[in-house]
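# Understanding the architecture of this molecule
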Amino acid sequence: MDMNKRAILVLEDWDPFNVGRKGYELEIADVISELQVLDHPTDLAKRIREIYEHSYELWIPIEKCMQIAYKLLAIKYEAKCIV
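Parameters and conventions
Within each chain, residues carry numbers counting from 1 in the order of the written sequence. Where local features are concerned, this predicted model is filtered to residues with pLDDT of at least 70; where side-chain atom pairs are given and counted, the filter is 80 or more; whole-chain, interface and lining totals use all residues. The side-chain values count all of the structure's non-hydrogen atoms but skip hydrogen atoms and water molecules. Comment: axis = line fitted to C-alpha atoms, over the contacting stretch for helices; angle = value between 0 and 180 degrees taken between N-to-C directions. The helix count covers DSSP runs of H or I at least four residues long, the strand count covers runs of E at least two residues long, and both are numbered beginning at the N terminus. Note on terminology: angles under 35 degrees are roughly parallel, angles over 145 are roughly antiparallel, angles of 65 to 115 are roughly perpendicular, and the others are oblique. By definition, turning the near helix anticlockwise from the far helix through less than a right angle yields a left-handed crossing, and turning it clockwise yields a right-handed one. The contact rule is simple, with two residues in contact once any of their heavy atoms fall within 4.5 Å. Here the term charged refers only to Asp, Glu, Lys and Arg, the term nonpolar to Ala, Val, Leu, Ile, Met, Phe, Trp, Tyr, Cys and Pro, and the term polar to all other amino acids, Gly among them. Definition used in this section: a nonpolar core is a set of buried Ala, Val, Leu, Ile, Met, Phe, Trp, Tyr and Cys residues joined via side-chain atoms within 4.5 Å. Relative accessibility under 20% of the residue-type maximum defines a buried residue, over 50% an exposed one, and the middle range a partly exposed one, all with a 1.4 Å probe and only protein chains included. Expected helix span is computed as 1.5 Å times (number of residues minus one). Here the arc refers to the directions that run from the helix axis out to each C-beta atom.

### A word on the packing of helix H1 (residues 2-13) against helix H2 (residues 25-37)
Two elements in contact, H1 and H2, have axes separated by 10 Å at closest approach and are oriented at 130°. As far as their axial angle goes, H2 and H1 are oblique. In this structure, H1 crosses over H2, and the sense of that crossing is right-handed. Here H1 contributes Met-3, Asn-4, Ala-7, Ile-8, Leu-11 and Glu-12 to the contact with H2, which in turn contributes Ile-28, Val-31, Ile-32, Leu-35 and Gln-36. Tallied by class, the residues present in the contact of H1 with H2 amount to eight nonpolar, two polar and one charged.

Here it is, written out as structure tokens:
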């Protein structure tokens, strides 16, 4: 649970379309679900891009998605090591 809360905070701070901190609740929930099953940064970045682009019909450079994917996976692996 702590992992999810920390990941949500990271995603809330990430505002790729400048809609505000609370503008991505559905996308965040989808990304958190993907984070549970994906372990490779490229796979997670692609899914993040697909999720956000599907909702907003705007393109996000994969590099920006990779940056957030690395942050999320770091949280995930840190949580796994603590358990």
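### Brief notes about the nonpolar core
Residues Leu-11, Trp-14, Leu-44, Ile-48, Tyr-52 and Leu-72 are the most contacted members of the largest nonpolar core, which totals 24 residues. The set of elements that each furnish at least two residues to this core consists of H1, H2, helix H3 (41-56) and helix H4 (62-82). It is H4 that provides the largest number of residues to this core, a total of seven residues. In this structure, Tyr-52 is in contact with Leu-11, Trp-14, Pro-16, Phe-17, Tyr-24, Glu-27, Ile-28, Val-31, Glu-57 and Ile-60, ignoring residues within four places of it in sequence.

### A few points about H3
Here H3 spans 22 Å end to end across 16 residues, near enough to the 22 Å set by a 1.5 Å rise per residue. Residues of H3 that are buried: Pro-41, Leu-44, Ala-45, Ile-48, Ile-51 and Tyr-52. Considered in projection along H3, the buried side chains sweep an arc of 130° and stay on one side of the axis. Directly beyond the C-terminal end of H3, a positive phi value near 50° is found at Glu-57.

The quantities given are spatial measurements derived from coordinates; they are silent on function.
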